[in-house]
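Residue-level structural notes
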Amino acid sequence: MKQCENASKCGGCQTIDKEYKETTWQKFRDVCRLYPKKKVNEIIAMDNPYHYRHKVYASFAYDPNIKMIACMYEKNSHRTVKSTDCLIQHTLANAILKKICTLADSLGIMPYNEDSGQGVLRHAYIRVAKQNNDVMLVLVIGSKMLPSSSALCNELRKSFPQIKTIIVNRNSGHTSMILGAKNSVVYGPGYIYDYIDGLKFRISPTSFYQVNPAVAEKLYAIALDMADLKKSDKVLDVCCGIGTVSLLAARKAGYVMGVEINEEAVADAIRNAKNNKIKNAEFLAADARQLVDDLIDTPDVVFLDPPRNGMSEAFMQSLEKLGPKKIVYISCNPETQASDIAFLKNYTIKEIQPVDQFPFTRHVETVCLLSNRKPDTKVRIDVDLEDYYRIKDAKKNQN
């Protein structure tokens, strides 16, 4: 058991001061509480629960003793806590944050002050690829420009050749959001690649990709095993992100449609399908409920992997009306997952698998397999994206 000097202050980890086995047992009990009449599989834990976060956000502040510091905030406040020795952040990310602070001090680049609106360096977002430790670095500034940007970026690249791209993002708003709307690529292509089960995935600054890719690979394998896909199956992947589940499923199924509201993520998904030479998966930037309402063909399997706040009641009711044979619901918030599943009156929970993707926090990933008690017996018809657009345009013309 390692000791964190900021355990009593930082809001990032709630249980870093406890034995890891104890924390996973508590998560297992929390999931059991949500499904009191169902058997919950034993939680899948990490062998080494430290330094698992490959996605790191840090803010910057000024400390009169050590000048620039990279930090997180204390729980329920904006008081800063130094974060460069964080026990759950990737060690390479920790080292890069330290170097940014040292270089910024030497170059006279001041941290951004949210209260006064003065200063420059506001946040850093670091993504480390699991496969080869390639790094995407996003520097978020609160000013119009980043002074000495060339010197800063050159020195960072010299110290860390793993940095494959550097992006400057401007965010001067009074907001809790990390990233602003505009990115400027100052080095490299503006993205990195990572691999899951042999497939190559392009990751852009605003695209969703799991923070713990080692456990995510196990998570997706579990979801696919639950789905038990056949070559004749048609699959709908809701909240598909950059296409991770979609493309993994496409290797087993006949056809996969991925839907995602984030257009940049959909663009990455389309590229990922092309890069992996997968031709039976297509992607659409759209509202998931609208798409489900418009589909005239019922998929065999639906994957759900929504954000922490889950899906809406209206979507879940539309999904039940669509009536797929199986639903595999992947969730980083079992509370919203359980409330969403409660709307599915025609479905039975067949399996519940918690996975500890976020050690030393209260969060746990859970995969649920649901089976339709009243499978659709109507004659199936083929539908692809071209048919979808044609039907949607026809509906618009009718209105």
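The coordinates are above.
Figured I'd write up the structure that's included with this text. (Residues numbered from 1 in each chain as written. Predicted model: local features only at pLDDT ≥ 70, side-chain atom pairs only at ≥ 80, totals over all residues. Heavy atoms only, no water.)

**A short note on the side chain of Glu320**
Residue placement: Glu320 occurs in helix H8 (residues 313–322). For the buried residue Glu320, which engages in no salt bridge, the nearest side chain bearing the opposite charge is Arg373, 6.5 Å off. Leaving out residues up to four positions away in the same chain, Glu320 has contacts with Phe343, Leu344, Lys345, Asn346 and Tyr347. (Helix = DSSP H or I, 4+ residues; strand = E, 2+ residues; numbered from the N terminus. Buried < 20%, exposed > 50% of the residue type's maximum accessible area, 1.4 Å probe, protein only. Lys, Arg positive; Asp, Glu negative; His and termini not counted. Salt bridge = Lys/Arg side-chain N within 4 Å of Asp/Glu carboxyl O. Contact = heavy atoms within 4.5 Å.)

**Focus: the pattern of salt bridges**
Summed over all chains, the structure comprises 12 salt bridges. Arg251 is the partner of Asp197 in a salt bridge, and the nearest nitrogen-oxygen pair spans 2.5 Å. A residue pair is termed long-range when its members are at least 10 positions apart, and Asp197 in the loop between strand S8 (192–196) and strand S9 (199–203) and Arg251 in the loop between helix H5 (244–250) and strand S11 (255–260) qualify at 54 residues. For Asp268, the salt bridge identified is with Arg202, shortest N-O distance 3.0 Å. Separated by 66 residues along the polypeptide, Asp268 in helix H6 (residues 263–275) and Arg202 in strand S9 bring together distant segments of the chain. On the accessibility criterion, Asp268 (0% relative accessible area) is buried. Counted as one network, the salt bridges with shared partners bring together Arg202, Asp268 and Arg271.

**Some points on the sheet that holds strand S16 (residues 365–372)**
Judged by pairing direction, the sheet is mixed, and its 7 strands sit side by side in the order S12-S11-S10-S13-S14-S16-S15 without closing on themselves. Two strands in the sheet have a free side with no partner beyond their single neighbour: strand S12 (281–285) and strand S15 (347–355). Neighbouring strand axes in the sheet, compared pairwise and without regard to direction, differ in orientation by 15° on average. Where S11 and S12 come together, 5 bridges link them in parallel fashion. Looking at the pairing, Gly258 lines up with Phe283 of S12. On top of the sheet, H8 reaches strand S10 (234–238), strand S13 (301–304), strand S14 (326–331) and S15; it is set at about 165° to S13, its chief contact. (Pairing = 2+ DSSP bridges. Axes fitted to C-alpha atoms, helices over the stretch in contact; angles between N-to-C directions.)

Just geometry here; none of it tells us what the structure is for.
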